[in-house]
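For reference, the chains in residue letters:
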Amino acid sequence: MPDKYEQRPKYTADRGIPGAFEGETVTRRRFMTGSANAAGIVAAAAFTLPALGFAIGPVFKKASYKWEAIGPPDMFPNNNYIPVVVTITPGIGQAGKTTVYVRQRNAALDTDPADAHTPYIAISTRCAHLGCPVRWVDAAERFICPCHGGVYDLLGRRVGGPPVRPLDRFPTRVRDGLVELYTGRFSVNNELRRFSPRDPGEPLDGIGQYLYPSRPSARKL
């Protein structure tokens, strides 16, 4: 005759915990532990997911670049820069505009083969250190950053201060009798070799070009 205890239903492994009662399949302790863990996961996700979205969102955001007319060809000399205002981000008013310094290509200065097909040189005013707006000083033939003392020469190459690379540039062309600037910038290293745009503080010489790869949404030039 089988023992009466062998006929009892089998319970969970923690059946013998104080507070458990006969017939339950999930103990109160297990339920409370699972609920606490679930609440912790939800709380962690509430902090983590927005931060991840903020960090990686711009990587996949497609920017709307376009060609913008900036003036007649004779407006720009080949030995000095003329400031022009262009719209980088449409639809947000003045916040979407920026100043670009433009001059005609000078064969004696712009000897890089990549510039041979570029009729005009367009230099970004965003410092390659932290993004402060630089100013062209005609008398000194230098771009000066007022924030941290960054200094660039006539070609936009760093000659002093903390910037890690030359100033960014913009593609240009002449169409229908007007100089046009493409609002999608590109970056250059210290040899003025072109790279897809990088953010301020990201060097492009040596190992820097691999440590700071271009964003998938950036236009490859």
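Criteria and thresholds
Residues numbered from 1 in each chain as written. Predicted model: local features only at pLDDT ≥ 70, side-chain atom pairs only at ≥ 80, totals over all residues. Heavy atoms only, no water. Helix = DSSP H or I, 4+ residues; strand = E, 2+ residues; numbered from the N terminus. Buried < 20%, exposed > 50% of the residue type's maximum accessible area, 1.4 Å probe, protein only. Contact = heavy atoms within 4.5 Å. Disulfide = S-S within 2.5 Å. Pairing = 2+ DSSP bridges. Axes fitted to C-alpha atoms, helices over the stretch in contact; angles between N-to-C directions. Polar contact = N/O pair within 3.5 Å; in protein donor to acceptor, adjacent residues only side chain to side chain. Core = buried A, V, L, I, M, F, W, Y, C linked by side-chain atoms within 4.5 Å. Salt bridge = Lys/Arg side-chain N within 4 Å of Asp/Glu carboxyl O. Phe/Tyr/Trp six-rings, centres within 6.5 Å; stacked < 30°, edge-to-face > 60°.

Draft legend 1. Molecular detail of the overall build of the protein chain. Along the protein chain, the regular secondary structure elements total two helices and 13 strands. Put simply, the protein chain has 221 residues, and 34% of those count as buried. Nonlocal contacts in the protein chain, meaning residues at least 24 apart in sequence, comprise 44% of its contacts between residues at least 6 apart.

Draft legend 2. View of the side chain of Glu68. With respect to the helices and strands, Glu68 occurs in strand 1 (residues 67-71). Leaving out residues up to four positions away in the same chain, Glu68 has contacts with Val85, Val86, Thr87, Val179, Glu180, Leu181 and Thr183.

Draft legend 3. Up close: the state of the cysteines. All chains considered together, the criterion is met by one disulfide. Looking at the unpaired Cys127, the closest cysteine sulfur is the one in Cys145, lying at 3.8 Å.

Draft legend 4. Quick peek at the sheet that holds strand 11 (residues 178-182). Spatially, 1-11-10 is the arrangement adopted by the three strands of the open sheet, whose pairing is antiparallel. Each edge of the open sheet is held by one strand with a lone partner, namely strand 1 and strand 10 (172-175). Taking the axes of each pair of neighbouring strands and ignoring which way they run, one obtains an average angle of 40° across the sheet. Pairing of strand 10 with strand 11, which is carried by four bridges, proceeds in the antiparallel orientation. Among the inter-strand pairings, Arg173 is bridged to a residue of strand 11, identified as Glu180.

Draft legend 5. Seen up close, the side chain of Asn80. Turning to its location among the elements, Asn80 is positioned in the loop between strand 1 and strand 2 (82-87). On the accessibility criterion, Asn80 (18% relative accessible area) is buried. Polar side-chain contacts of Asn80 include one of 2.8 Å to the side chain of Trp136. A polar contact of 3.3 Å, which involves the side chain of Asn80, links it to the side chain of Asp138.

Draft legend 6. Layout of the sheet that holds strand 4 (residues 120-124). Strand order in the open sheet formed by four strands is 2-3-4-9, with antiparallel pairing between adjacent strands. Each edge of the sheet is formed by a strand with only one pairing partner; in this case those strands are strand 2 and strand 9 (169-170).

Draft legend 7. Looking closely at the nonpolar core. Core analysis: the biggest nonpolar cluster contains 14 residues, and Tyr81, Ile123, Val134, Trp136, Phe143, Tyr152 and Leu167 have the highest contact counts within it. Judged by nonpolar contacts, the second largest core, of 11 residues, contains Ile70, Val102, Tyr120 and Val179.

Draft legend 8. Up close: the pairing of strand 4. Within strand 4, five of the five residues are buried, which leaves it mostly tucked inside the rest of the structure. What you see with strand 4 is no split at all: Tyr120, Ala122 and Ser124 on one side and Ile121 and Ile123 on the other are buried throughout. For strand 3 (residues 97-104) and strand 4, the ladder comprises five bridges, and the chain directions are antiparallel. Residue pairing for strand 4: Arg103 is matched across the bridge by Ile121. Pairing of strand 4 with strand 9 involves two bridges; the strand directions are antiparallel. If you follow Ile123 over to strand 9, its bridge partner there is Arg169.

Draft legend 9. Just the pattern of salt bridges, in detail. For the coordinates displayed, the defined rule picks out seven salt bridges. Arg165 is paired through a salt bridge with Asp168; the nearest N and O atoms lie 3.5 Å apart. Judged by relative accessible area, Arg165 falls into the buried class, the value being 1%. Judged by relative accessible area, which is 2%, Asp168 ranks as buried. Between Arg185 and Asp168 there is a salt bridge, with the nearest N and O atoms lying 2.6 Å from each other.

Draft legend 10. Structural detail: the packing of aromatic side chains. Evaluation of the coordinates by the stated rule reveals seven aromatic pairs. Ring centres 6.1 Å apart and planes at 65° place the aromatic pair Tyr65 and Tyr182 in the edge-to-face group. Remark: Tyr182 occurs in strand 11 and Tyr65 occurs in the loop between helix 1 (28-60) and strand 1; sequence separation between them is 117 residues. Overall, the relative accessible area of 30% leaves Tyr65 in the partly exposed class. Arranged with centres 5.0 Å apart and planes meeting at 70°, the rings of Tyr81 and Trp136 form a pair that is edge-to-face. Here the residue Tyr81 occupies a position in the loop between strand 1 and strand 2, and Trp136 occupies one in strand 5 (residues 135-137), the gap between them amounting to 55 residues. Taking the relative accessible area as the measure of exposure, Tyr81 reaches 3% and is therefore buried. In this structure an aromatic cluster arises from ring pairing among Tyr81, Tyr101, Trp136 and Phe143.

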